[in-house]
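Given next are the chains, with one letter for each unit.
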Amino acid sequence: MGTPTIRIIIMALFSELRRRNVIKVALLYALASLLILWLVGGSLIWLGAPKWANEFVTLVLAIGFPVALIFAWVYEITPTGLHKSKDVDQTQSFVYKTGQKLNAAMAVLAVLGVLALVGERLLPTFELPKIIEPILLPPVYEVPDTAGVPEEIRAHTLDNGLRIIVWPDHDIPNVVMYNFVRAGARNEYPGITGLSHFFEHMMFNGTRRRKQGEFDETMEAAGGANNAYTSQDLTVYQDWFPRSALETIFDLEADRLHHLSIDPEVVESERGVVYSERRLRIDNDNFGRLYEQMMSTAFIAHPYQVPVIGWPSDIESWSQGDLESYFRTYYAPNNLTMVFTGDVLPDEIFVMAEKYFGPIPDRDPPSSITTVEPQQQGERRLLVAADAPTPLLHVTFHAGSATDPGTLPLNVLLSVLVGGSSSRLHQQLVESEPLALSVGGFQMEGLDPGLVYFYLTLPPGSEVSVVEARLLEELDRVANEGITDAELQKARNIMVADYWRSLSTINGKAAALGRAEVFRGDYQLAFSLPDELQAVTAAEVQQAAVDIFDRNSMTIGVLRSPAEEDEHEDE
């Protein structure tokens with residue numbers, strides 16, 4: 001059989017398919033199926049239909065497609081079809097009428113398509129990869145694989161690296177969004193210190209689409225509120241809003257990530273705001289002033305020594321190039337983790353994220369922080385002379401990071417020592433003796449090894465050396481004798497109660513998921529605390545005290561008035 005014969009057969013087959021409307025039926029069915037899938041897919045998300053509903057609709061349409069083609073092909077060779085083809089005026093035949101109707105339907109679709117292109121919102125834009133892939137081949141979202149983790153949580157990473165975690169909670173029609181940006185004081189160096197905190201301000205000050213202040217105005221008009229904070233490791237942005245404002249929030253957040261305006265006039269205005277904030281929180285605040293000096297003394301190499309708000313000379317001298325480079329590097333989607341909790345469905349969040357955040361390009365990841373703080377070779381001391389009615393005593397010891405095995409036993413130890421008015425140090429130094437007006441402490445749980453930090457406020461005229469000696473005596477006692485079983489159980493009870501209390505709100509849920517993902521590498525570890533606490537032993541707590549309360553890794557700082565300093569020198 002030669003080539004001309006094959007060509008004749010193909011042309012005859014094509015002519016027959018066209019005459020019997022098979023091609024028109026196929027085309028119309030495909031277009032109608034896409035429209036149905038788009039409409040049904042969106043409706044199912046808002047109605048909260050089960051996950052299999054999409055697959056069911058797709059199956060029905062897939063079965064109907066060959067049925068429609070077979071009907072179009074077979075009808076004319078049935079007795080009824082043959083009879084009509086011979087005895088009935090062809091303009092009145094079923095085939096002819098069907099063809100006319102198909103022509104009319106395709107014409108209507110064509111007109112609507114043109115109107116959609118002009119009006120942009122009259123019909124969806126059928127971009128095949130975006131329509132077919134998420135509906136016919138829906139992406140596989142990450143599901144929890146650890147016991148005790150709520151099964152409704154889902155996680156997904158966009159192609160540009162943006163990590164998104166969703167925890168539905170339909171108790172109230174509100175939503176919380178946390179955006180964890182891996183940019184903090186540890187990512188800065190001399191010359192650009194304070195930039196992470198500065199962008200916490202700039203992110204609310206206009207984009208190429210929105211003028212300064214419009215971000216807050218739009219969010220508040222939709223019933224939302226926001227805040228942000230910066231630490232040594234992160235800058236975190238928080239939005240609280242009603243479910244009805246969901247798409248507005250996505251638009252706002254995507255706009256400032258993609259089109260932030262770093263206007264020189266706004267920069268100079270915010271530079272002054274930040275400098276005023278520094279005076280308020282550091283220069284004119286005794287605790288802040290001593291804390292800044294303690295951090296820069298306890299760390300001699302690692303960038304945890306950098307104050308979050310920045311050094312004064314750097315605040316005054318950031319350049320436009322510094323700002324633009326820092327934003328490009330650290331506000332890329334592959335450097336962010338977003339968490340949504342509240343009255344949402346994972347599918348709708350991931351679809352919106354793809355729509356609004358997907359077009360933002362990823363960038364080369366920031367350089368890793370490779371500096372390791374060298375082991376301290378002996379205790380360090382500093383004295384800050386400032387007008388202070390009550391002296392301050394701060395004491396630190398080097399400790400581990402958030403993932404260090406000793407971090408949890410050390411937190412249990414801190415609960416025993418400074419956890420409330422019934423804690424050891426409060427009872428000994430505030431209630432019984434009393435040598436201090438207040439005593440507190442915390443552990444830095446960061447990406448890199450940090451500090452255990454104790455802070456005491458003393459009565460006017462106190463002998464700071466006496467208070468220091470008593471504090472160290474109590475720390476030595478817990479290292480030598482450990483804690484009692486009753487103290488261990490009390491600490492567990494307090495910490496577990498605080499843990500569950502934090503997860504009782506959608507805000508607490510978002511914070512917990514994000515911190516576990518960023519600091520420990522897996523959001524599922526946010527649910528491990530109760531079991532981990534139960535496994536902590538008194539021996540592990542004592543060992544933490546032995547390891548940490550080493551005088552060679554201690555830094556002591558005192559803030560008191562110059563008059564008190566002169567009196568002690570005279571003595």
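Up top is the structure.
Overview of the structure. Think of each chain on its own: its residues are numbered from 1, step by step along the sequence as written. Thresholds applied to this predicted model are a pLDDT of at least 70 for local features of residues and 80 or more for the giving and counting of side-chain atom pairs; totals over whole chains, interfaces and linings are not thresholded and use all residues. Hydrogens are left out, water is left out, and the side-chain values use all remaining heavy atoms of the structure.

**Some points on the overall build of the protein chain**
Heads up, the condition is: Here a strand is any run of E in DSSP of at least two residues, a helix any run of H or I of at least four, and the numbering for each starts at the N terminus. Any residue under 20% of the maximum accessible area for its type is buried, any over 50% is exposed, and the rest in between are partly exposed; the area is computed with a 1.4 Å probe on protein chains only. Whether two residues are in contact is decided by their heavy atoms, any of which lying within 4.5 Å being enough. For every accessible area listed, the method is Shrake-Rupley and the probe measures 1.4 Å; residues are considered covered only by the protein chains on display.
When its secondary structure is counted, the protein chain shows 22 helices and 11 strands. Residues counted as buried form 47% of the 571 residues belonging to the protein chain. Within the protein chain, contacts between residues separated by at least 24 positions form 79% of all contacts whose residues are at least 6 apart in sequence. Here the protein chain displays about 28100 Å² of accessible surface, and carbon together with sulfur accounts for 58% of that area.

**Quick look at the packing of helix α15 (residues 407–418) against helix α21 (residues 538–548)**
Rule in force here: All axes are obtained by fitting lines to C-alpha atoms, using only the stretch in contact for helices, and the reported angles, taken between N-to-C directions, cover 0 to 180 degrees. Comment on the angle field: the value is read as roughly parallel under 35 degrees, roughly antiparallel over 145, roughly perpendicular from 65 to 115, and oblique elsewhere. Under the scheme applied here, ten amino acids are nonpolar (Ala, Val, Leu, Ile, Met, Phe, Trp, Tyr, Cys and Pro), four are charged (Asp, Glu, Lys and Arg), and all others, including Gly, are polar.
Packing of α15 against α21 brings their axes to within 8 Å, and their N-to-C directions diverge by 95 degrees. For the element pair α15 / α21, the angle class is roughly perpendicular. Across the interface between the two elements, Pro409, Leu410, Val412 and Leu413 from α15 touch Glu540, Val541, Ala544, Ala545 and Ile548 from α21. Residues of the contact of α15 with α21, tallied by class, amount to 8 nonpolar, no polar and 1 charged.

**A few points about the side chain of Thr407**
Mapped onto the fold, Thr407 is located in helix α15. Non-local contacts of Thr407, meaning those with residues more than four positions away in its chain, are made with Gly400, Ser401, Ala402, Gln443 and Glu445.

**Quick notes on helix α10 (residues 264–283)**
How we decide: Expected helix span is computed as 1.5 Å times (number of residues minus one). N or O atoms within 3.5 Å of each other form a polar contact, as long as, within protein, one can give a hydrogen and the other can take it, and as long as residues adjacent in sequence are counted only when both atoms are side-chain atoms.
End to end, α10 covers 27 Å across 20 residues, agreeing with the expected 28 Å (1.5 Å per residue, within 8%). Packed against the buried residues of α10 are α7 (195–202), α11 (286–298), α12 (312–317) and α13 (320–330). Capping of α10 at its N-terminal end is provided by Asp263; its side-chain oxygen lies 3.0 Å from the backbone amide nitrogen of Glu265.

**Some thoughts on the layout of surface pockets**
Quick note on the threshold: Only protein atoms enter the calculation, which uses a 1 Å grid: trapped sets of points that fit a 1.4 Å probe without letting it out are cavities, open sets showing protein on both sides within 12 Å along at least five of seven lines are pockets, and any residue with an atom within 4 Å of a point is a lining residue. Grid points are joined across faces, edges and corners, and a volume is the space filled by probe spheres set on the points. Throughout the structure description, domain borders are defined by an automatic or database domain assignment.
Looking at the second largest pocket, its volume works out to about 1300 Å³. Secondary structure elements with two or more residues in the lining of the second largest pocket: β4 (225–230), α15, β9 (438–443), α18 (485–502), α19 (506–520) and α20 (529–535). When grouped by side-chain class, the residues that make up the lining of the second largest pocket number 19 nonpolar, 11 polar and 7 charged. Taken together, domain 2 (154–356) and domain 3 (380–570) each give at least three residues to the lining of the second largest pocket, which thus spans both.

**Description of the packing of helix α8 (residues 214–221) against helix α9 (residues 246–259)**
Between two packed helices, the angle of one axis relative to the other and the distance separating the axes together describe the packing. Between α8 and α9, the least distance of the axes is 10 Å, while the angle of their chain directions is 170 degrees. Of the possible angle classes, the one that applies to α8 and α9 is roughly antiparallel. When α8 is examined against α9, the residues Phe215, Thr218 and Met219 are found in contact with a partner set consisting of Thr248, Ile249, Leu252, Glu253 and Arg256. Class assignment for the residues of the contact of α8 with α9 results in 4 nonpolar, 2 polar and 2 charged.

**Some words on empty space enclosed by the protein**
Tallied over the full model, the rule gives 1 cavity of 30 Å³ or more. Here the largest cavity defines a volume of roughly 50 Å³. If you go around the largest cavity, the residues you meet are Met203, Phe204, Asn205, Gly206, Thr207, Arg210, Phe215, Asp255, Arg256 and Leu260. Across the lining of the largest cavity, the residue classes break down as 4 nonpolar, 3 polar and 3 charged.

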